[in-house]
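Residues per chain, in single letters:
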Amino acid sequence: MTKEYKIAVIPGDGTGPEVIAEGIKALDAVSGRFGFRLAYENYSLGGEHYKKTGELLNDTVLESLSRSDAIYLGAIGHPDVKPGILEKGILLKLRFHFDQYINLRPVRLYDGVETPLKNKGPEHINFTVIRENTEGLYTGAGGFLKKGTSDEVAIQESINTRKGVERCIRYAFEYCRKRNREKKLTLCGKTNVLTYAFDLWERTFRDVSKEYPDIKTDYANVDAICMWMVKNPEWFDVIVTDNMFGDIISDLAAMIQGGMGIAAGGNINPLGISMFEPIGGSAPKYTGMQVINPIAAILAAHVMLETIGEEKAALLIENAVKKVLRDDLKDVAAGKMGYTTSEVGDLVKKYIVDSEL
Ligand code: IPM
Ligand code: MN
């Protein structure tokens, strides 16, 4: 019997639907060649839907999503919705509900893509950021005292549990071993100031490392990581860090790999339902113009296939993307590609269909 995966698709807002359409083109091309089937179910979640219905993400939708094998997300964001509402009400809610405790961000400079770093090329920029995705400063713990008065206090607490830290670090060691490149895992923290949270991280890192004698370990403070990512990105193989630091360093990493047209990631629950997305956002002013680079969304589909265990199919998508970046696109930035969004998707599809297995 043909293997079938149920993919919940959330095209979302702005240019989300345009880029997701190109990702689906690639997915369909590749599934055909490897003999599995993808059954898509569309969900109209996002800022636009919220404006129309007042609904963010209800239990019925969560229940329905829980019957899928993976979630493929375009972008959520709306210029008329106050910051925080969609993020908390949809994106973070999905991450927490499905316990997607890993945020995986492969960072790779492909041939033909320009990096803002002087004298650095594809041989220097090839690492992965593994960010804890359900704890730290993101849990919403904290509150106000005397709000609105001159004595106001605002507290935002970073929650770090042994269990949460350990499962993230363990995932990072496993990932590093499987990636099998430099076999080096760097813990990114701030042990010189955050002497409780990162003490726990460091001890846990040391404990878990004993089970992975084949993996070299390293430590750097987050501020130093930011310097080195610009100066010596070749030092990194896999970086593991907490939620907030991971959020920040993965955007820095996205820029050195060519920016929002390229960067993709996964919100992963290794035993549950994971969610994959281009990290670029909804880019409302470009909506419907067919100028956004869909490569990030196509690479999100690549990470999705890799994660659900269709590694060969994933590789075929990545190889097709590499070829488009190397041979076709003039630039990766919106409007400068020399092709429309859907033409880029067509090129990727063509290379998938034409390639030898
Ligand atoms: C990301 C985003 C989200 C985050 C926002 C939109 C809530 O920046 O996926 O990195 O901070 O995690
Ligand atoms: Mn972010």
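Structure: above.
Residues numbered from 1 in each chain as written. Chains lettered and ligands numbered in written order. Predicted model: local features only at pLDDT ≥ 70, side-chain atom pairs only at ≥ 80, totals over all residues. Heavy atoms only, no water.

**Q** Please set out the site of ligand 1 residue by residue, giving values where relevant.
**A** Residues in contact with ligand 1, as listed here, are Glu87, Leu91, Arg95, Arg131, Tyr138 and Asp247. Between ligand 1 and arginine 95 there is a distance of 2.6 Å, counted from an oxygen atom to a side-chain nitrogen or oxygen. Between ligand 1 and tyrosine 138, the relevant distance is 2.6 Å, taken from an oxygen atom to a side-chain nitrogen or oxygen of the residue. A total of 320 Å² of accessible area belongs to ligand 1 in isolation, and the protein chains cover 71% of it. Considering only residue class, the shell around ligand 1 consists of 2 nonpolar, no polar and 4 charged. Here the shell around ligand 1 spans two domains, and each of domain 1 (1-113 + 258-357) and domain 2 (115-257) adds at least three residues to it. (Near = heavy atom within 4 Å. Polar contact = N/O pair within 3.5 Å; in protein donor to acceptor, adjacent residues only side chain to side chain. Areas by Shrake-Rupley, 256 points an atom, 1.4 Å probe, with all protein chains shown as cover. Nonpolar A, V, L, I, M, F, W, Y, C, P; charged D, E, K, R; others polar. Domains from an automatic or database assignment.)

**Q** Before we move on, could you go through the nonpolar core and cite the residues and values that matter?
**A** Core analysis: the biggest nonpolar cluster contains 87 residues, and Tyr72, Phe127, Ile130, Val240 and Ile295 have the highest contact counts within it. Of the residues forming this core, the biggest block, 9 residues, is contributed by helix H9 (residues 295-308). Built from parts of two domains, this core gets at least three residues from each of domain 1 (1-113 + 258-357) and domain 2 (115-257). For phenylalanine 127, the contacting residues outside a window of four places in its chain are Arg105, Pro106, Val107, Arg179, Met229, Pro233, Phe236, Asp237, Ile239, Ala253 and Ile256. In terms of nonpolar packing, the next biggest core, distinct from the first, is built from 19 residues, Val61, Leu62, Leu91 and Met275 among them. (Core = buried A, V, L, I, M, F, W, Y, C linked by side-chain atoms within 4.5 Å. Buried < 20%, exposed > 50% of the residue type's maximum accessible area, 1.4 Å probe, protein only. Helix = DSSP H or I, 4+ residues; strand = E, 2+ residues; numbered from the N terminus. Contact = heavy atoms within 4.5 Å.)

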